[in-house]
Amino acid sequence: MQYKHHWHCLETADEVASVASQHILDAAKLAIADRGCFKLVLAGGTTPEKVYRLLAQADADWRHWHIYYGDERCLPVNHADRNSLMATHAFLEKVAIPDTQVFTMPAELGPEQAAALYQKTVADALPFDMVLLGMGEDGHTASLFPGHKHDENELAHAVYNSPKPPPERVSISAKALSNTRQLIFLITGANKQEAVMNWRSGLNLPIATIRPDGPVDIYIDRAAYSNT
Ligand code: 6PG
């Protein structure tokens with residue numbers, strides 16, 4: 001399970017953000033040179049914010065970037081807890097990616113409608129060039145939570161009773177998140193140590209269901225990395 005996983009263990013969360021953001025920028029240059037566009041799936045939560053702020057300071061060929069979200073909380077569009085609000089303030093409003101190339105999840109419509117609409121967006125986008133994902137303390141990723149059952153053939157899921165508030169969400173599926181040329185996990189903080197250890201020991205956590213054919217790079221700080 002781990003043979004395609006490249007673990008990059010760095011001292012601090014700032015170093016994780018610095019190295020990961022450079023990886024993303026390098027991947028974008030190659031994708032745009034090869035195929036004329038860079039289709040990037042953004043991670044939610046708090047960990048990626050440092051990466052997004054560094055991307056916003058970079059000089060890149062933004063007009064060829066296409067932005068998607070791995071998951072979104074079912075909250076009003078401008079709610080402070082929306083993943084799209086964080087990404088917009090930290091990154092998207094500071095760079096010239098055309099608005100028509102930013103595919104925000106319509107999560108304010110509720111899980112079912114948002115998943116049905118985003119299913120089409122994902123179908124049109126696949127394969128992604130790069131997917132960014134975080135990991136929760138229980139080993140969840142995007143809004144794929146332990147114990148939650150989904151139709152594995154879906155490209156996007158409606159999520160209810162999320163153990164991480166808010167209870168209703170929409171998530172790209174493991175199948176679609178795995179349909180990417182490259183994938184990066186961003187994991188920092190001592191509170192993730194147990195989930196990292198469980199993942200590395202082979203527990204079938206949601207994060208373990210993300211299995212791209214291509215390379216998986218895990219950028220992790222010392223606090224999150226358990227030495228076992
Ligand atoms: C969300 C995220 C979620 C997140 C992890 C880690 O909507 O909450 O998509 O999957 O990536 O819970 O969150 P932190 O980065 O805040 O630790």
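Our structure's up above, just so we're on the same page.
Notes on the structure in this doc start here. (Residues numbered from 1 in each chain as written. Predicted model: local features only at pLDDT ≥ 70, side-chain atom pairs only at ≥ 80, totals over all residues. Heavy atoms only, no water.)

Bringing the overall build of the protein chain into the picture now. For the protein chain, the count of helices and strands is 6 helices and 9 strands. A compact globule built from 228 residues should have a C-alpha radius of gyration of about 17 Å, and the protein chain, at 16 Å, falls within 12% of that. Burial status across the protein chain gives 55% buried among its 228 residues. Relative to all contacts within the protein chain whose residues are 6 or more apart in sequence, the contacts with residues 24 or more apart total 77%. Approximately 10,100 Å² of the protein chain is accessible, and the part contributed by carbon and sulfur atoms is 51%. Averaging the positions of the 20 positive and the 27 negative side-chain charges in the protein chain gives two centres separated by 2 Å. (Helix = DSSP H or I, 4+ residues; strand = E, 2+ residues; numbered from the N terminus. Rg over C-alpha atoms; globule rule 2.2 N^0.38 Å. Buried < 20%, exposed > 50% of the residue type's maximum accessible area, 1.4 Å probe, protein only. Contact = heavy atoms within 4.5 Å. Areas by Shrake-Rupley, 256 points an atom, 1.4 Å probe, with all protein chains shown as cover. Lys, Arg positive; Asp, Glu negative; His and termini not counted. Charge placed at Lys NZ, Arg CZ, Asp CG, Glu CD.)

Let's shift gears to the pairing of strand E5 (residues 128–133). The element E5 is extensively covered by neighbouring structure, given that 6 of its 6 residues are classed as buried. As paired elements, strand E2 (residues 38–42) and E5 share 2 bridges and run parallel to each other. Across the sheet, Val 41 pairs through a bridge with Val 131, a residue of E5. Relative to strand E8 (residues 180–187), E5 runs parallel, the two sharing 5 bridges. (Pairing = 2+ DSSP bridges.)

With that settled, the discussion passes to the packing of aromatic side chains. Applying the stated rule across the entire model yields 10 aromatic pairs. Relative to Phe 91, the ring of Tyr 52 lies with its centre 6.1 Å away and its plane at 25°, an arrangement referred to as stacked. Taken together, the positions of Tyr 52 in helix H2 (residues 49–56) and Phe 91 in the loop between helix H3 (83–90) and helix H4 (111–125) put the pair 39 residues apart, joining distant regions of the chain. Neither residue differs from the other here; Tyr 52 and Phe 91 are each classed as buried. Measuring from ring centre to ring centre gives 5.4 Å for Tyr 68 and Phe 128, while their planes differ by 55°; the resulting arrangement is tilted. One end of the pair, Tyr 68, is in strand E3 (residues 65–69); the other, Phe 128, is in strand E5, with 60 residues separating them in the sequence. Side by side, Tyr 68 and Phe 128 carry an identical accessibility label, which is buried. Members of the aromatic cluster, connected to one another through ring pairs, are Phe 38, Tyr 52, Trp 62, Trp 65 and Phe 91. Between the NZ or CZ atom of Arg 200 and the centre of the ring of Trp 7, over which it lies, the distance is 4.6 Å. (Phe/Tyr/Trp six-rings, centres within 6.5 Å; stacked < 30°, edge-to-face > 60°. Lys NZ or Arg CZ within 6 Å of the ring centre and 35° of its normal.)

The environment of the ligand is made up of 15 residues, and the closest members are Thr 46, Thr 47, His 140, Ala 142 and Lys 192. One of the backbone N or O atoms of Gly 44 is found 3.4 Å from an oxygen atom in the ligand. Contacts to the ligand include Arg 73, whose side-chain N or O atom sits 2.8 Å from an oxygen atom. Surface burial for the ligand is 93%, taken as the share of its 410 Å² of free accessible area covered by protein chains. Comparing atom positions with the cavity grids shows the ligand to sit within the largest pocket. (Near = heavy atom within 4 Å. Polar contact = N/O pair within 3.5 Å; in protein donor to acceptor, adjacent residues only side chain to side chain. 1 Å grid on protein atoms, 1.4 Å probe; cavity = no way out; pocket = protein on both sides within 12 Å on 5 of 7 lines; lining within 4 Å. Sits in = over half its atoms within 2 Å of the grid points.)

With that settled, consider helix H1 (residues 13–35). The end-to-end C-alpha distance of H1 is 32 Å, a good match for the 33 Å that 23 residues give at a rise of 1.5 Å each. Once H1 finishes, Gly 36 follows within two positions and takes phi at roughly 80°, a positive value. (Expected span 1.5 Å × (residues − 1).)

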